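# Tertiary structure, described
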Amino acid sequence: MKKRQLLIPVMAGLIVGHIFAEGDRPFTVVNTLRVGYDDNLNRNSADDSTSAYIQDVVNLAFRAALSDRTDLLFRSNFTFHSDDDRQKLDPNIYAILSHSVSPRLLIQLSEMYMSDYTTAANADGRYDYFKNTLRADPTYVLSSKDRLSVPLSYTTKQHESDIDTLDYDMYTAGLSWKRDLSPQRTWAALHATQIMVDYDNRDSSFDSTRLTTEISHTFNPQWQGSIEAGLSFDETSFQGESSSAQNPYFRTTLAYEPSPRTRLSGEFSHQYRESDNSLYAGETASEIRLAAQHDLTAKIMGKISARFLDAQYDSIDNEIGGGGSDTERLDFEALLQYKLNRINFLELRLKHSDISYGSNQGDYDQNMIDLGWRVEL
(Lines give C-alpha, C1' and ligand atoms only; values in the text may rest on other atoms or scores of the structure.)
Protein backbone atom coordinates (compact mmCIF):
# COMPACT_ATOMS: atom_id res chain seq x y z
CA MET A 1 0.00 0.00 0.00
CA LYS A 2 1.20 3.46 -0.84
CA LYS A 3 2.42 5.53 2.05
CA ARG A 4 1.42 9.14 2.50
CA GLN A 5 2.83 11.55 5.03
CA LEU A 6 0.20 12.84 7.44
CA LEU A 7 -0.22 16.49 8.26
CA ILE A 8 -2.09 15.91 11.54
CA PRO A 9 0.70 14.31 13.63
CA VAL A 10 3.06 17.15 12.75
CA MET A 11 0.49 19.86 13.41
CA ALA A 12 -0.74 18.20 16.60
CA GLY A 13 2.76 17.71 17.95
CA LEU A 14 3.60 21.38 17.54
CA ILE A 15 0.37 22.62 19.06
CA VAL A 16 0.05 20.13 21.94
CA GLY A 17 3.41 21.16 23.30
CA HIS A 18 2.24 24.78 23.36
CA ILE A 19 -1.05 23.89 25.06
CA PHE A 20 0.45 21.67 27.76
CA ALA A 21 3.24 24.16 28.43
CA GLU A 22 0.58 26.62 29.61
CA GLY A 23 -0.84 24.07 32.05
CA ASP A 24 -4.19 23.61 30.28
CA ARG A 25 -5.12 19.95 29.72
CA PRO A 26 -8.68 19.85 28.36
CA PHE A 27 -8.54 16.25 27.18
CA THR A 28 -10.34 12.93 27.65
CA VAL A 29 -9.00 9.41 27.29
CA VAL A 30 -11.19 6.33 26.78
CA ASN A 31 -9.84 2.79 26.53
CA THR A 32 -11.99 -0.19 25.54
CA LEU A 33 -10.65 -3.75 25.68
CA ARG A 34 -12.77 -6.37 23.92
CA VAL A 35 -12.55 -10.18 23.72
CA GLY A 36 -14.79 -11.80 21.14
CA TYR A 37 -15.59 -14.38 18.48
CA ASP A 38 -15.85 -13.99 14.69
CA ASP A 39 -17.64 -16.68 12.64
CA ASN A 40 -16.26 -15.55 9.25
CA LEU A 41 -12.82 -14.19 9.97
CA ASN A 42 -11.67 -13.56 6.39
CA ARG A 43 -15.08 -12.61 4.98
CA ASN A 44 -14.82 -15.53 2.58
CA SER A 45 -17.84 -16.90 0.73
CA ALA A 46 -16.39 -20.41 0.40
CA ASP A 47 -14.37 -20.93 3.59
CA ASP A 48 -15.94 -19.62 6.81
CA SER A 49 -12.88 -19.56 9.06
CA THR A 50 -13.74 -18.82 12.70
CA SER A 51 -11.53 -17.22 15.31
CA ALA A 52 -11.43 -15.64 18.72
CA TYR A 53 -10.04 -12.10 18.74
CA ILE A 54 -8.78 -9.39 21.05
CA GLN A 55 -9.36 -5.73 20.28
CA ASP A 56 -8.10 -2.69 22.15
CA VAL A 57 -9.43 0.76 21.23
CA VAL A 58 -7.86 3.95 22.60
CA ASN A 59 -9.79 7.22 22.09
CA LEU A 60 -8.12 10.55 22.80
CA ALA A 61 -9.84 13.91 22.40
CA PHE A 62 -9.10 17.47 23.38
CA ARG A 63 -10.33 20.97 22.61
CA ALA A 64 -8.26 24.07 23.23
CA ALA A 65 -8.37 27.80 22.63
CA LEU A 66 -5.02 28.74 21.14
CA SER A 67 -5.98 32.42 21.21
CA ASP A 68 -9.12 34.52 21.51
CA ARG A 69 -9.73 33.91 17.77
CA THR A 70 -8.32 30.41 17.21
CA ASP A 71 -9.62 27.04 18.44
CA LEU A 72 -8.38 23.50 17.95
CA LEU A 73 -10.36 20.27 18.14
CA PHE A 74 -8.46 16.98 17.99
CA ARG A 75 -9.80 13.44 18.15
CA SER A 76 -8.06 10.14 17.60
CA ASN A 77 -9.00 6.49 17.66
CA PHE A 78 -6.30 3.80 17.66
CA THR A 79 -7.57 0.24 17.24
CA PHE A 80 -5.35 -2.77 17.78
CA HIS A 81 -6.91 -6.02 16.52
CA SER A 82 -5.45 -9.49 16.98
CA ASP A 83 -6.88 -12.78 15.72
CA ASP A 84 -5.67 -16.10 14.24
CA ASP A 85 -4.83 -14.44 10.93
CA ARG A 86 -3.23 -11.11 11.73
CA GLN A 87 -2.29 -8.43 14.21
CA LYS A 88 -3.00 -4.90 13.03
CA LEU A 89 -3.05 -1.34 14.34
CA ASP A 90 -5.47 1.09 12.65
CA PRO A 91 -5.08 4.80 13.42
CA ASN A 92 -8.04 7.11 12.86
CA ILE A 93 -7.41 10.81 13.37
CA TYR A 94 -9.53 13.95 13.02
CA ALA A 95 -8.46 17.55 13.63
CA ILE A 96 -10.09 20.87 12.91
CA LEU A 97 -8.51 24.30 13.34
CA SER A 98 -10.90 27.28 13.41
CA HIS A 99 -9.73 30.87 13.05
CA SER A 100 -11.73 34.11 12.99
CA VAL A 101 -9.94 36.33 10.50
CA SER A 102 -12.46 39.09 11.24
CA PRO A 103 -15.91 39.34 12.85
CA ARG A 104 -17.36 38.36 9.46
CA LEU A 105 -14.85 35.85 8.11
CA LEU A 106 -14.24 32.42 9.66
CA ILE A 107 -11.84 29.82 8.23
CA GLN A 108 -11.75 26.17 9.23
CA LEU A 109 -8.97 23.79 8.20
CA SER A 110 -9.41 20.09 8.87
CA GLU A 111 -7.90 16.72 8.17
CA MET A 112 -9.49 13.31 8.65
CA TYR A 113 -7.46 10.12 8.32
CA MET A 114 -9.03 6.69 8.70
CA SER A 115 -7.76 3.15 8.17
CA ASP A 116 -9.51 -0.21 8.35
CA TYR A 117 -10.09 -3.27 6.21
CA THR A 118 -12.78 -3.80 3.58
CA THR A 119 -14.08 -6.29 1.01
CA ALA A 120 -14.50 -6.12 -2.75
CA ALA A 121 -16.74 -7.70 -5.38
CA ASN A 122 -15.19 -10.78 -7.02
CA ALA A 123 -12.47 -10.90 -4.34
CA ASP A 124 -12.89 -13.01 -1.22
CA GLY A 125 -11.16 -11.84 1.94
CA ARG A 126 -10.49 -8.63 3.84
CA TYR A 127 -8.10 -5.99 2.54
CA ASP A 128 -6.44 -3.04 4.25
CA TYR A 129 -7.07 0.51 3.08
CA PHE A 130 -6.69 4.10 4.24
CA LYS A 131 -8.60 7.25 3.40
CA ASN A 132 -7.33 10.79 4.00
CA THR A 133 -9.29 14.03 3.51
CA LEU A 134 -7.96 17.59 3.64
CA ARG A 135 -10.64 20.28 3.78
CA ALA A 136 -10.89 24.08 3.94
CA ASP A 137 -14.15 25.85 4.84
CA PRO A 138 -14.08 29.63 4.59
CA THR A 139 -17.39 31.20 5.69
CA TYR A 140 -18.39 34.86 5.28
CA VAL A 141 -21.23 36.44 7.28
CA LEU A 142 -23.25 38.53 4.85
CA SER A 143 -25.82 39.67 7.42
CA SER A 144 -27.37 38.57 10.70
CA LYS A 145 -29.34 35.94 8.75
CA ASP A 146 -27.13 35.06 5.77
CA ARG A 147 -23.87 33.20 5.38
CA LEU A 148 -21.81 32.29 2.34
CA SER A 149 -19.30 29.43 2.39
CA VAL A 150 -16.86 27.96 -0.15
CA PRO A 151 -15.90 24.41 0.96
CA LEU A 152 -12.86 22.86 -0.75
CA SER A 153 -11.54 19.34 -0.17
CA TYR A 154 -9.16 16.70 -1.45
CA THR A 155 -9.58 12.99 -0.63
CA THR A 156 -7.36 10.04 -1.45
CA LYS A 157 -8.29 6.40 -0.81
CA GLN A 158 -5.65 3.67 -1.20
CA HIS A 159 -6.00 -0.12 -0.91
CA GLU A 160 -3.81 -3.20 -0.88
CA SER A 161 -2.33 -4.17 -4.24
CA ASP A 162 -4.86 -7.00 -4.74
CA ILE A 163 -7.71 -4.48 -5.01
CA ASP A 164 -5.82 -1.29 -5.94
CA THR A 165 -8.22 -0.73 -8.87
CA LEU A 166 -10.44 0.83 -6.19
CA ASP A 167 -7.86 3.55 -5.44
CA TYR A 168 -9.00 7.07 -6.26
CA ASP A 169 -8.34 10.77 -5.77
CA MET A 170 -11.34 13.07 -5.30
CA TYR A 171 -11.43 16.87 -5.64
CA THR A 172 -14.48 18.79 -4.42
CA ALA A 173 -15.35 22.48 -4.61
CA GLY A 174 -18.61 24.05 -3.52
CA LEU A 175 -20.56 27.24 -2.95
CA SER A 176 -23.32 27.41 -0.32
CA TRP A 177 -25.68 30.17 0.77
CA LYS A 178 -27.40 29.61 4.12
CA ARG A 179 -30.21 31.77 5.50
CA ASP A 180 -31.86 31.66 8.94
CA LEU A 181 -35.62 31.73 8.44
CA SER A 182 -36.51 31.42 12.13
CA PRO A 183 -33.83 31.90 14.81
CA GLN A 184 -32.82 28.61 16.47
CA ARG A 185 -35.57 26.74 14.58
CA THR A 186 -35.42 26.88 10.78
CA TRP A 187 -32.77 27.53 8.16
CA ALA A 188 -32.54 26.96 4.42
CA ALA A 189 -29.55 26.69 2.07
CA LEU A 190 -28.65 26.49 -1.60
CA HIS A 191 -25.66 24.33 -2.58
CA ALA A 192 -23.61 24.03 -5.76
CA THR A 193 -20.94 21.32 -5.67
CA GLN A 194 -18.42 20.15 -8.25
CA ILE A 195 -16.93 16.67 -7.74
CA MET A 196 -14.06 15.23 -9.78
CA VAL A 197 -12.81 11.67 -9.22
CA ASP A 198 -9.79 10.03 -10.86
CA TYR A 199 -9.31 6.28 -10.41
CA ASP A 200 -5.56 5.79 -10.01
CA ASN A 201 -5.07 2.35 -11.51
CA ARG A 202 -7.61 2.23 -14.31
CA ASP A 203 -8.44 4.48 -17.24
CA SER A 204 -11.66 5.98 -15.91
CA SER A 205 -13.03 9.04 -14.12
CA PHE A 206 -16.21 10.43 -12.58
CA ASP A 207 -17.36 14.08 -12.70
CA SER A 208 -20.50 15.50 -11.14
CA THR A 209 -22.08 18.94 -10.80
CA ARG A 210 -24.67 18.85 -8.02
CA LEU A 211 -27.28 21.58 -7.43
CA THR A 212 -29.44 21.16 -4.32
CA THR A 213 -31.59 23.05 -1.85
CA GLU A 214 -31.76 22.15 1.84
CA ILE A 215 -34.04 23.02 4.73
CA SER A 216 -33.66 22.12 8.39
CA HIS A 217 -36.38 22.59 11.00
CA THR A 218 -36.74 22.02 14.73
CA PHE A 219 -40.40 21.19 15.22
CA ASN A 220 -40.14 21.16 19.01
CA PRO A 221 -37.54 20.12 21.62
CA GLN A 222 -38.21 16.47 20.72
CA TRP A 223 -38.34 16.52 16.90
CA GLN A 224 -35.75 17.74 14.40
CA GLY A 225 -35.54 17.07 10.67
CA SER A 226 -33.91 18.12 7.43
CA ILE A 227 -34.42 17.58 3.70
CA GLU A 228 -31.96 18.17 0.84
CA ALA A 229 -33.01 17.62 -2.77
CA GLY A 230 -31.85 18.53 -6.24
CA LEU A 231 -30.19 17.30 -9.41
CA SER A 232 -26.73 16.08 -10.32
CA PHE A 233 -25.27 16.38 -13.81
CA ASP A 234 -22.93 13.42 -14.06
CA GLU A 235 -20.32 12.27 -16.55
CA THR A 236 -18.40 9.00 -16.46
CA SER A 237 -15.52 8.15 -18.77
CA PHE A 238 -13.33 5.11 -19.36
CA GLN A 239 -10.94 4.07 -22.12
CA GLY A 240 -11.56 7.30 -24.02
CA GLU A 241 -15.36 6.93 -24.05
CA SER A 242 -17.76 8.97 -21.93
CA SER A 243 -21.44 9.10 -21.06
CA SER A 244 -23.49 11.76 -19.30
CA ALA A 245 -26.86 11.87 -17.55
CA GLN A 246 -28.98 13.83 -15.10
CA ASN A 247 -29.84 12.12 -11.84
CA PRO A 248 -31.93 13.03 -8.79
CA TYR A 249 -30.33 13.69 -5.43
CA PHE A 250 -32.27 13.32 -2.20
CA ARG A 251 -31.36 13.10 1.48
CA THR A 252 -33.53 13.41 4.57
CA THR A 253 -32.79 13.04 8.29
CA LEU A 254 -35.05 12.83 11.31
CA ALA A 255 -34.21 12.82 15.02
CA TYR A 256 -36.65 12.19 17.86
CA GLU A 257 -35.94 12.45 21.59
CA PRO A 258 -39.15 11.52 23.44
CA SER A 259 -37.38 11.75 26.79
CA PRO A 260 -33.90 12.45 28.16
CA ARG A 261 -33.44 8.66 28.32
CA THR A 262 -34.37 7.82 24.71
CA ARG A 263 -32.92 8.97 21.38
CA LEU A 264 -34.02 7.84 17.90
CA SER A 265 -32.65 8.87 14.51
CA GLY A 266 -33.01 7.94 10.86
CA GLU A 267 -31.54 8.94 7.51
CA PHE A 268 -32.41 8.11 3.91
CA SER A 269 -30.35 9.11 0.87
CA HIS A 270 -30.52 8.45 -2.87
CA GLN A 271 -27.80 9.61 -5.25
CA TYR A 272 -25.59 8.82 -8.20
CA ARG A 273 -21.96 8.81 -7.03
CA GLU A 274 -18.46 7.42 -7.58
CA SER A 275 -18.38 3.62 -7.64
CA ASP A 276 -16.90 1.21 -5.11
CA ASN A 277 -16.89 -1.54 -7.76
CA SER A 278 -13.78 -1.61 -9.97
CA LEU A 279 -15.83 -2.66 -13.04
CA TYR A 280 -18.00 0.47 -13.03
CA ALA A 281 -17.29 4.19 -13.09
CA GLY A 282 -20.46 5.20 -11.19
CA GLU A 283 -23.31 3.77 -9.13
CA THR A 284 -26.84 4.68 -8.02
CA ALA A 285 -26.96 4.22 -4.27
CA SER A 286 -29.99 4.16 -1.97
CA GLU A 287 -29.14 3.99 1.72
CA ILE A 288 -31.09 3.84 4.97
CA ARG A 289 -29.53 4.36 8.41
CA LEU A 290 -31.45 3.82 11.66
CA ALA A 291 -30.30 4.18 15.26
CA ALA A 292 -31.87 3.99 18.72
CA GLN A 293 -30.47 4.49 22.20
CA HIS A 294 -32.28 4.05 25.50
CA ASP A 295 -31.19 4.26 29.13
CA LEU A 296 -32.95 1.24 30.66
CA THR A 297 -31.87 2.25 34.16
CA ALA A 298 -29.37 4.67 35.66
CA LYS A 299 -26.68 2.02 35.07
CA ILE A 300 -27.84 0.11 31.96
CA MET A 301 -27.90 1.57 28.44
CA GLY A 302 -28.89 -0.16 25.20
CA LYS A 303 -28.09 0.96 21.67
CA ILE A 304 -28.82 -0.49 18.22
CA SER A 305 -28.00 0.71 14.70
CA ALA A 306 -28.70 -0.63 11.22
CA ARG A 307 -27.58 0.29 7.71
CA PHE A 308 -29.21 -0.89 4.47
CA LEU A 309 -27.48 -0.19 1.15
CA ASP A 310 -28.71 -0.93 -2.37
CA ALA A 311 -26.20 0.01 -5.10
CA GLN A 312 -27.21 -0.35 -8.75
CA TYR A 313 -24.62 -0.41 -11.56
CA ASP A 314 -25.81 0.44 -15.07
CA SER A 315 -24.42 -1.36 -18.11
CA ILE A 316 -23.53 2.00 -19.67
CA ASP A 317 -20.96 2.47 -16.86
CA ASN A 318 -19.39 -0.97 -17.26
CA GLU A 319 -15.73 -0.46 -18.10
CA ILE A 320 -15.32 -3.82 -19.83
CA GLY A 321 -18.50 -3.69 -21.88
CA GLY A 322 -20.53 -6.10 -19.77
CA GLY A 323 -24.02 -5.72 -18.34
CA GLY A 324 -25.35 -4.10 -15.20
CA SER A 325 -25.10 -5.41 -11.66
CA ASP A 326 -25.99 -4.56 -8.09
CA THR A 327 -24.84 -4.84 -4.50
CA GLU A 328 -27.02 -5.25 -1.42
CA ARG A 329 -25.58 -4.79 2.05
CA LEU A 330 -26.93 -5.00 5.60
CA ASP A 331 -24.96 -3.99 8.70
CA PHE A 332 -26.48 -4.34 12.17
CA GLU A 333 -24.98 -3.63 15.59
CA ALA A 334 -26.42 -3.97 19.09
CA LEU A 335 -24.70 -2.82 22.29
CA LEU A 336 -25.65 -3.31 25.94
CA GLN A 337 -23.62 -1.28 28.45
CA TYR A 338 -23.51 -1.58 32.23
CA LYS A 339 -22.01 1.20 34.36
CA LEU A 340 -19.90 -0.21 37.19
CA ASN A 341 -18.87 3.19 38.54
CA ARG A 342 -17.99 6.67 37.31
CA ILE A 343 -15.21 5.52 34.95
CA ASN A 344 -15.69 1.77 34.41
CA PHE A 345 -18.25 0.15 32.10
CA LEU A 346 -18.93 -3.38 30.83
CA GLU A 347 -20.19 -3.81 27.25
CA LEU A 348 -21.76 -6.70 25.35
CA ARG A 349 -21.71 -6.13 21.60
CA LEU A 350 -23.16 -8.03 18.63
CA LYS A 351 -22.40 -7.20 14.97
CA HIS A 352 -23.89 -8.76 11.84
CA SER A 353 -23.04 -8.05 8.18
CA ASP A 354 -24.55 -9.54 5.03
CA ILE A 355 -23.33 -8.61 1.54
CA SER A 356 -24.49 -9.97 -1.79
CA TYR A 357 -23.16 -9.00 -5.22
CA GLY A 358 -24.99 -9.30 -8.53
CA SER A 359 -22.14 -11.45 -9.82
CA ASN A 360 -22.76 -13.96 -6.99
CA GLN A 361 -19.00 -13.93 -6.36
CA GLY A 362 -17.65 -12.68 -3.06
CA ASP A 363 -21.01 -12.87 -1.21
CA TYR A 364 -20.65 -13.41 2.53
CA ASP A 365 -22.28 -12.98 5.91
CA GLN A 366 -20.45 -12.41 9.18
CA ASN A 367 -21.35 -12.44 12.87
CA MET A 368 -19.19 -11.05 15.66
CA ILE A 369 -19.86 -11.01 19.39
CA ASP A 370 -17.59 -9.64 22.13
CA LEU A 371 -17.42 -8.56 25.74
CA GLY A 372 -15.71 -5.26 26.48
CA TRP A 373 -14.33 -3.34 29.44
CA ARG A 374 -14.47 0.44 28.92
CA VAL A 375 -12.52 2.94 31.04
CA GLU A 376 -13.21 6.69 30.73
CA LEU A 377 -10.57 9.01 32.18
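Here is what the cut-offs are and how they apply
- Residues numbered from 1 in each chain as written.
- Predicted model: local features only at pLDDT ≥ 70, side-chain atom pairs only at ≥ 80, totals over all residues.
- Heavy atoms only, no water.
- Helix = DSSP H or I, 4+ residues; strand = E, 2+ residues; numbered from the N terminus.
- Buried < 20%, exposed > 50% of the residue type's maximum accessible area, 1.4 Å probe, protein only.
- Contact = heavy atoms within 4.5 Å.
- Polar contact = N/O pair within 3.5 Å; in protein donor to acceptor, adjacent residues only side chain to side chain.
- Core = buried A, V, L, I, M, F, W, Y, C linked by side-chain atoms within 4.5 Å.
- Salt bridge = Lys/Arg side-chain N within 4 Å of Asp/Glu carboxyl O.
- Pairing = 2+ DSSP bridges.
- Phe/Tyr/Trp six-rings, centres within 6.5 Å; stacked < 30°, edge-to-face > 60°.
- Patch = residues over 30% accessible without salt bridge, like charges linked within 9 Å, V, L, I, M, F, W, Y side chains within 5 Å.
- Areas by Shrake-Rupley, 256 points an atom, 1.4 Å probe, with all protein chains shown as cover.
- pLDDT = per-residue confidence, 0-100.

### Remarks on the environment of His191
Note on placement: His191 falls in strand 10 (residues 186-199). Exposure remark for His191: the relative accessible area of 18% places this residue in the buried category. Residues His191 and Gly174 lie 17 residues apart in sequence; the distance between their C-alpha atoms is 7.1 Å. Residues within four places of His191 in sequence aside, it is in contact with Leu175, Ser176, Arg210, Leu211, Thr212, Glu214 and Glu228. Engagement of the side chain of His191 in a polar contact is seen with the side chain of Ser176, the distance being 2.7 Å.

### With respect to the nonpolar core
Counting seven residues, the largest nonpolar core is built from Tyr168, Met170, Ile195, Val197, Tyr199, Phe206 and Tyr272. Sorting the residues of this core by element identifies strand 9 (168-182) and strand 10 as the ones contributing at least two each. In terms of residue count, the dominant contributor to this core is strand 10 (three residues). Core analysis: the next-biggest nonpolar cluster, separate from the first, contains five residues, Phe62, Leu72, Ile93 and Ala95 among them.

### Some thoughts on the pattern of salt bridges
Applying the stated criterion to the full structure yields 21 salt bridges. In this structure, the salt-bridge partner of Arg273 is Glu283, at a minimum N-O distance of 2.9 Å. With Arg273 in strand 14 (residues 262-274) and Glu283 in strand 15 (residues 282-295), this pair connects stretches of sequence that are 10 residues apart. Here Glu283 falls in the buried class, since its relative accessible area comes to 1%. Salt-bridge contacts for Asp370 lead to Arg349; the nearest nitrogen and oxygen are separated by 2.7 Å. Taken together, the residues span a long stretch of sequence, with Asp370 in strand 19 (residues 364-376) and Arg349 in strand 18 (residues 344-357) at a distance of 21 residues. Given the relative accessible area of 3%, Asp370 is considered buried. You can call Arg349 buried: its relative accessible area is 8%. Salt bridges sharing partners connect three or more residues here, namely Asp83, Asp85, Arg86, Lys88, Asp90, Arg126 and Asp128.

### Some details on the pairing of strand 11 (residues 204-218)
Note that strand 10 and strand 11 share 13 bridges and pair antiparallel. For Ala189, the partnering residue across the bridge sits in strand 11 and is Glu214. The loop that links strand 10 with its antiparallel partner strand 11 comprises four residues. Hairpin remark: strand 11 followed by strand 12 (residues 223-238), antiparallel, with four residues in the connecting loop.

### What about unusual backbone geometry?
Positive phi values are uncommon outside glycine, yet Gln184 reaches one of about 65°. For Gln184, the position within the fold is in the loop between strand 9 and strand 10. By relative accessible area, which is 78% here, Gln184 ends up exposed.

### Looking at the environment of Ala64
Examined against the element boundaries, Ala64 turns out to sit in strand 2 (residues 51-67). Separated by 37 residues in the primary sequence, Ala64 and Phe27 place their C-alpha atoms 8.8 Å from one another.

### Observations regarding the side chain of Asn247
The residue Asn247 is located in strand 13 (residues 241-259) in this model. Judged by relative accessible area, Asn247 falls into the buried class, the value being 16%. Within the structure, Asn247 has its side chain in polar contact with the side chain of Asp234 (distance 2.7 Å). Among residues more than four places away in sequence, those in contact with Asn247 are Gly230, Leu231, Ser232, Asp234 and Tyr272.

### Some details on the side chain of Thr262
Following the sequence through the fold, Thr262 ends up in strand 14. In this structure Thr262 comes out as buried when scored by relative accessible area, which is 14%. Among the polar contacts made by the side chain of Thr262, one reaches the side chain of His294 at a distance of 2.6 Å. Here Thr262 is in contact with Tyr256, Glu257, Gln293 and His294, once residues within four sequence places are set aside.

### Re the packing of aromatic side chains
Under the defined criterion, the tally for this structure stands at seven aromatic pairs. With a centroid separation of 5.3 Å and 25° between ring planes, the pair formed by Phe62 and Phe74 is classed as stacked. With Phe62 in strand 2 and Phe74 in strand 3 (residues 70-82), the pair connects residues that are 12 residues apart, well separated along the chain. The exposure class of Phe62 is buried, given its relative accessible area of 6%. Aromatic pair Phe250 and Phe268: ring centres 6.2 Å apart, planes at 50°, arrangement tilted.

### Comments concerning a nonpolar patch on the surface
Together, Tyr37, Leu296, Ile304, Phe332, Leu336, Leu348, Leu350, Ile369 and Leu371 make up an exposed nonpolar region whose accessible area comes to about 780 Å². If you list the elements that add at least two residues to the nonpolar patch, you get strand 17 (325-339), strand 18 and strand 19. Among the structural elements, Leu350 can be located in strand 18. Residue class for Leu350 comes out partly exposed when judged on its relative accessible area of 37%.

### Some words on the confidence of the model for the protein
Averaged over all residues, the pLDDT of the protein is 88; the fraction at 70 or higher stands at 90%. Note that residues 1-23 has pLDDT below 50 and, in this model, 39 contacts with residues that lie over four places away or in other chains.

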